[in-house]
Amino acid sequence: MPQLFADLRDFLRHVEGQGDLKRVEGADWQTEIGLITEWQAMSEESPALVFDAIPGYPKGFRVATNLFTAHRRAASALGLPDRSSKLEQVNLWRERERHLTPLPPTEVPWGPVLENALKGDDVDLSIFPSPCWHKNDGGRYIGTGCMVITRDPEEGWVNYGTARVQVHNRNTVTIFLSPGRHTDFIRNKYWKRGESCPVAVSCGQDPLLWAASNFPVPWGLSEYDYAGGLRGKPVEVVEGPHTGLPLPTHAEIVLEGEFLPPGQEPDLEEGPFGEWTGYYHPTKPQPPVKIRSVLYRNDPIIHGAPPLLTPLDYALGRHIRRSAVVWDLLDREIPGVKGVWFMEGGTPFGSIVISLQQAWPSHALHAALKVLGSYSTAYMLRWIIMVDEDIDPTDWLQVSWALNTRCDPRESVQIIDGCWGSPVDPRLSPEKRERNEFTHSCAIVLACRPYHWKDRYPPTIRSDPARIREIAAKWGDRIKG
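Description of the structure in this document. Values in this document were obtained by computation on a predicted structure and should not be read as measured data.

### A look at the layout of surface pockets
Within this model, the largest pocket holds a volume of roughly 420 Å³. In terms of lining, the largest pocket is formed by 20 residues, of which the most central are Glu411, Ser412, Leu446, Pro450 and Tyr451. For the lining of the largest pocket, the secondary-structure elements that each account for two or more residues are α9 (363–372) and α11 (409–412). With 3 residues, the top contributor of residues to the lining of the largest pocket is α9. Here the residues of the lining of the largest pocket sort into 10 nonpolar, 6 polar and 4 charged.

Below you can see the structure in the form of C-alpha cells.
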C-alpha cells in the first residue's frame, strides 16, 4: 500500500522532514511569488516553497508552490519509492492501475474545510493572496493547482478536473475549459437546458486527490472513485452548502457557485495567461462564474501550480502516470514493448518515446498509431519516437543516439494530420483559430533499425550492461576511494 497523505499539510510536513521545503516570508503576490517560483523550479533539485507573511494579508494565509517539480517529490507524493529508476516507477504504477478498484467517496457531517464560511453578500475573494504568476498574465489566478468539481445533470456522476481560475472581483471568477474535456461537456449539458451549471473549486488538497484531477479518467467514472482506488480507502467528502456537490473534507479553500449561461451577463476578458506550452494564451471572453459560498480552513494554503518552462512537468507525476497507461494500452494488443516514457521538460504532452523489440515489418508503426488513437494520450501529442529494445526511453542521451544513427528522415518519419489539438496551442494559425479548428499534425519517428535488415545493422560499441554491473561491483569501492 502506498504512503498516504491525509491532506496538503500532511504532505508538506513530510517534505519538510526530508529537508526539502523552504519557507519564504515577505514576497509580494504581484511579481515576487511568481518569479521566485520560476527561479527555483528551473533546477531539478529545487525545493518545495511555502510563502507566508505576504504583504497585505494576515500571516498564515499562505501559497505553496513547486510541490512536484522535483522527481523525488513527485514519486513520493504518488506513493512510489523515490530512489527507484524511472522505468521501475512506471511499472509500479502499472501494477497499481491493474489492481485498482474504484471506491466511491464517503460523506461525513463535518471536516476542516468548514472551519470558516462566507456566504451571499459576505463572499470576498480578495481575502486570499491569489498571485499573478507570469508578468503578462491578465490578472490574479487563485486556481492553478485546483480541482473544478461538477455533476453530470443526466447521469448523476461527479467529475472533477484541473483548469485555470482567474479572479475578477470579490465574487466573480472565470474558469477556462479546453474543448473536449469532461467539465466542458457537463457544463454544456446545463446550458442546453437553459440552466446555470453548479460548480465548486478546491484550491488545495492532498496529492493523490489532485493527481486524479489532471489525468484522463474515462467518461462516467468519478475522479473521486478513481482517487479512492489509488488510496485504497474512500475519499471523505462533505456536502457543499450551496451546490450540494461533494467537497473534500480536508480541502484548504473551496469556492462554490455556478457557471452562468452565455448571455445572462456580459462575458469577461479571461487572460492572457502563461500556459504549459511556454507561451501566453491570448485573451478570450468567457462567461462569468458567480461565487455564492467560500469555505476555508484556518490559515488556508493556496496550492499554486503555474505552468512554467522547467525540467519537470508542473503536474503531479503526470509523466510517470501517462507512461504507465500507454504501456498497458500497448500490452493489451501489441507484443514486445520494453519501455514507455513521456519526456519531461518543454511541455507535458508533446513527446513520447516507446522502446520496442520489433517482430514484423510494421510493428513499430502499428504501436505508434495505437498511441495516437487513444483518448488518454492523443491530446496535443506532436512526436511519437519509436526506438529499439536496447534503448532506455527515459535516457535522452540514448534516445538522441538512436535518432541520429538509426533514423533517415525521408524514410523514417510519418506525418499524420488532423490530430486532437487545443486553443492554447501557440502554433495554431490565425485562420484555424478563427474557425475553432483546434487540430495539428503529429510526427511518428521510427528511430529503430530498419526491420528488413536489422540483423545486418552494424553492432554497437556499447558493453553488455551485466558486465558493467560486474565491473562496478568489483571496482566501485576502489574507484570511489
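### Considerations on helix α1 (residues 8–17)
When α1 is considered as a whole, its buried residues turn out to be Leu8, Arg9, Phe11, Leu12 and Val15. The buried side chains of α1 occupy one side of the element, clustering within an arc of 160° when seen end-on. Those residues of α1 that are exposed and angled more than 90 degrees off the buried face are Arg13 and Gly17. Residues of α1 that are buried sit in contact with β1 (21–25), β2 (48–52), β3 (62–65), α3 (71–77), α6 (207–213) and β20 (301–304). Between a side-chain oxygen at the N-terminus of α1 and the backbone nitrogen of Arg9 the separation is 3.2 Å; the capping residue is Asp7. Gly19 occupies a position one or two residues after α1 and carries a positive phi of about 70°.

### Remarks on the nonpolar core
Of all hydrophobic cores here, the largest spans 76 residues; its most connected members are Ile384 and Met386. The biggest single contributor to this core is helix α8 (residues 318–331), with 6 residues. What Ile384 contacts, discounting residues up to four positions off in sequence, is Ile352, Ile354, Ala368, Val371, Leu372, Cys442, Ala443, Ile444 and Val445. Counting residues in each nonpolar core, the second largest holds 42 residues, with Trp133, Leu177, Cys203 and Phe259 among its members.

### Re the pairing of strand β11 (residues 197–202)
With 5 of 6 residues buried, β11 lies mostly within the body of the structure. Two strands pair when backbone bridges link them, and β11 and strand β14 (residues 253–259) are joined in this way by 6 bridges, in the antiparallel orientation. Residue Cys197 lies in a different strand from β14, and its bridge partner there is Phe259.

What counts and what doesn't
Residues numbered from 1 in each chain as written. Predicted model: local features only at pLDDT ≥ 70, side-chain atom pairs only at ≥ 80, totals over all residues. Heavy atoms only, no water. 1 Å grid on protein atoms, 1.4 Å probe; cavity = no way out; pocket = protein on both sides within 12 Å on 5 of 7 lines; lining within 4 Å. Points joined across faces, edges and corners; volume = space filled by probe spheres on them. Helix = DSSP H or I, 4+ residues; strand = E, 2+ residues; numbered from the N terminus. Nonpolar A, V, L, I, M, F, W, Y, C, P; charged D, E, K, R; others polar. Buried < 20%, exposed > 50% of the residue type's maximum accessible area, 1.4 Å probe, protein only. Arc of directions from axis to C-beta. Contact = heavy atoms within 4.5 Å. Polar contact = N/O pair within 3.5 Å; in protein donor to acceptor, adjacent residues only side chain to side chain. Core = buried A, V, L, I, M, F, W, Y, C linked by side-chain atoms within 4.5 Å. Pairing = 2+ DSSP bridges.

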